[in-house]
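Tertiary structure, described
Okay, here's what each chain looks like letter by letter:
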Amino acid sequence: MTPAGALALAAPHPAALAAARRAAARGGNAVDAALAAAAALTVVYPHQCSLGGDLIALVHAPDGTVRALLSVGAAAAGTDVEALRAADSRMPAQGPGTVTVPGAVAGWAALAEAYGTPGALAATLRDAAALAQAGATVSAGLARAVRDNEARIKADPGLSALLTGPDGRLVAVGDPLPQPRLAKVLDELADDPSSFYRGAVAEALADGLHALGSPLTAADLAAHRAEFAEPVSIAQVGAEPVSAEGVDVEPLGAEATDVKTVSVEAVGAAPEDAEALDAEPMGVRWWAAPPPSQGVVLPALLSAAAGAPGRSAAERTRLLAARCQDASAARDRLLGDPRGQRLDLDGLLDPAPLAGTLPPRPPFRPSGDTVAVTAVDSSGLAVSLIQSVYQTFGSGVCDPGTGIVLHNRGSAFSLIPGHPGLLRPGVRPPHTLCPVIGRSPALLLAAGCQGGRAQPQILAQTLPGLVDPDADPSAVLADPRWVIGARDIGFEDQTLLAEPGSVPAATPAVSPGLPVVTAPGPSDLAGHVQVVRLTRDGRLDAASDPRADGGTVQPETDAPGTTRTTPEGTPA
């Protein structure tokens, strides 16, 4: 039996786990612990996440409601689209022109206000400030990123100052990484998180961005709002999809007229009773983030992953891989910001077959860097939180005044006239971050992963196994996986990259001309999944992907006489 108030958490770095334990020891809940881990990660993983990045999360409340939190920054109001188009037919990969408003801090504040314990976020930010001031030890992952991006780091004064030791060489494994400028910012945010957008931190950051050549201004920062939204949802009974749906986007602290309503049409036949799923022994409902997140394509992949009864493993693999290609193509052609335009949501929810065509080729290899944190507590509060600077070290720019590494989400915009992801002033870019929540009568789970554009593919291969309450989640995450991509996974053309054993030998060709390349072993390109679960009998567990260097926080003992809750939030 799990003690009341216990929680489970999965994160990709030991410092994040330590921060989560401190938050829990202070009486924090699952959201408090996740935010503590997230803040610590911005200190120890500047190549993957930062105060200068974005955040998307899903939260399952103890009463069973699920909401998405979108804190995705927009392009500057002063963006000169024609100048960018004159320079190249595609957006630049990095540089100050790719910096959009960072949303992570507003996302933290919104989650803390809606679900957290009073005072917990301030304590968490002071802990992160102390970590930055003292100088966290450089991890193997950060050291690899520094080594692989040496030229980029040396080209930017801010990154060079951040990542160069007192002896004049770039930092390596085990070196300290003191960040006094970032520590000062975190201390200021502990007193007032809104200062990042409308205060001293905003003014300093705006001045730094101007000096770096970015069009972002203090007014752009002040205009940002985190937004709660109804997630996209799919209900499955057995292997068959029942419905997929999603509703309005609601801004925090802004007028409703500032936000375009998102309406996702139903796919398949909706059940007569909204609670019919929970009464179905084999039923499961999934929630994913709505546009501009690519989570909108996940329902189609989960339906394909459920498979048709009686098909062989090889045929199921072929069908899912083909569906992943369809979804990738639909995302690249149809995804954009729903504010101010109508998206083809039917085409995203139920992607049409490629019919021999291929999705657009990215202009560069987007070696994406993202961190996922998942947490659930015994009350039924669960969160999947993902934050990112997009590519390694984001835009390749660190503001010298604040020590903040800035993301390059703007590189995901299109410059093609008429494209739904077209760069426009004040518009948010198409987004890769794809958290997910699942619930059945047997358990509640929260999952998220690193993996860039392949995140939906990775989740579609792992979630069917994770929803079995008797399955060992660590074993599920250790199973071999495959991903389909091009330059995003290191190939010039569309390729299926397979970890050994992930594709049955008898699998038919997924599509004409799609080569299959077998990796020598487990690959980071197959993603780093973090998952937590609460079962109907009150058991908490968690797993961190063995491809990463993370771990979990889990209850170590059971306490008799405690109150337990079902995944729906009612007493067991």
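These figures come from a predicted structure and were not determined experimentally. (Residues numbered from 1 in each chain as written. Predicted model: local features only at pLDDT ≥ 70, side-chain atom pairs only at ≥ 80, totals over all residues. Heavy atoms only, no water.)

Considering all chains together, one arrives at two aromatic pairs under this definition. Relative to Phe228, the ring of Tyr115 lies with its centre 6.1 Å away and its plane at 75 degrees, an arrangement referred to as edge-to-face. Of the two residues, Tyr115 sits in helix α4 (residues 104–115) while Phe228 sits in strand β6 (residues 227–229), which places them 113 residues apart along the sequence. Side by side, Tyr115 and Phe228 carry an identical accessibility label, which is buried. A cation sits over an aromatic face here: Arg67 above Phe228, 3.8 Å from the ring centre. (Phe/Tyr/Trp six-rings, centres within 6.5 Å; stacked < 30°, edge-to-face > 60°. Helix = DSSP H or I, 4+ residues; strand = E, 2+ residues; numbered from the N terminus. Buried < 20%, exposed > 50% of the residue type's maximum accessible area, 1.4 Å probe, protein only. Lys NZ or Arg CZ within 6 Å of the ring centre and 35° of its normal.)

Each regular strand carries side chains that alternate between the two faces of the sheet. Burial within strand β2 (residues 54–60) is extensive, with seven of its seven residues counted as buried. Residue alternation in β2 divides its side chains into two sets, Asp54, Ile56, Leu58 and His60 and Leu55, Ala57 and Val59, and both sets are buried. As defined by bridge partners, β2 adjoins strand β12 (residues 382–391) across seven bridges and the pair is classed as antiparallel. Directly across from Val59, in β12, lies its bridge partner Val383. In the sheet, β2 pairs with strand β3 (residues 66–71) via six bridges, with the strands oriented antiparallel. Within the sheet, the bridge partner assigned to His60 lies in β3 and is Val66. Hairpin connection between β2 and β3: a loop of five residues separates the two successive antiparallel strands, and Gly64 in this loop has a positive phi of roughly 95 degrees. (Pairing = 2+ DSSP bridges.)

Here we come to the pattern of salt bridges. Pairing of side chains with opposite charge becomes possible as their charged atoms draw close. Enumeration according to the criterion identifies 23 salt bridges in this entry. In this structure, Arg126 engages Asp191 in a salt bridge whose closest nitrogen and oxygen atoms are separated by 2.8 Å. Here Arg126 is found in helix α5 (residues 120–134), whereas its partner Asp191 is found in helix α9 (residues 180–191), with 65 residues between them in sequence. Relative accessible area serves as the criterion here: at 60%, Asp191 is assigned to the exposed category. Measuring nitrogen to oxygen at the nearest pair gives 3.6 Å for the salt bridge that ties Asp337 to Arg339. Each member of the pair, Asp337 as well as Arg339, is classed as buried. Among the ionic contacts, a cluster of salt bridges with common partners joins Glu227, Asp337, Arg339 and Arg428. (Salt bridge = Lys/Arg side-chain N within 4 Å of Asp/Glu carboxyl O.)

The analysis is restricted to geometry; functional conclusions fall outside its scope.
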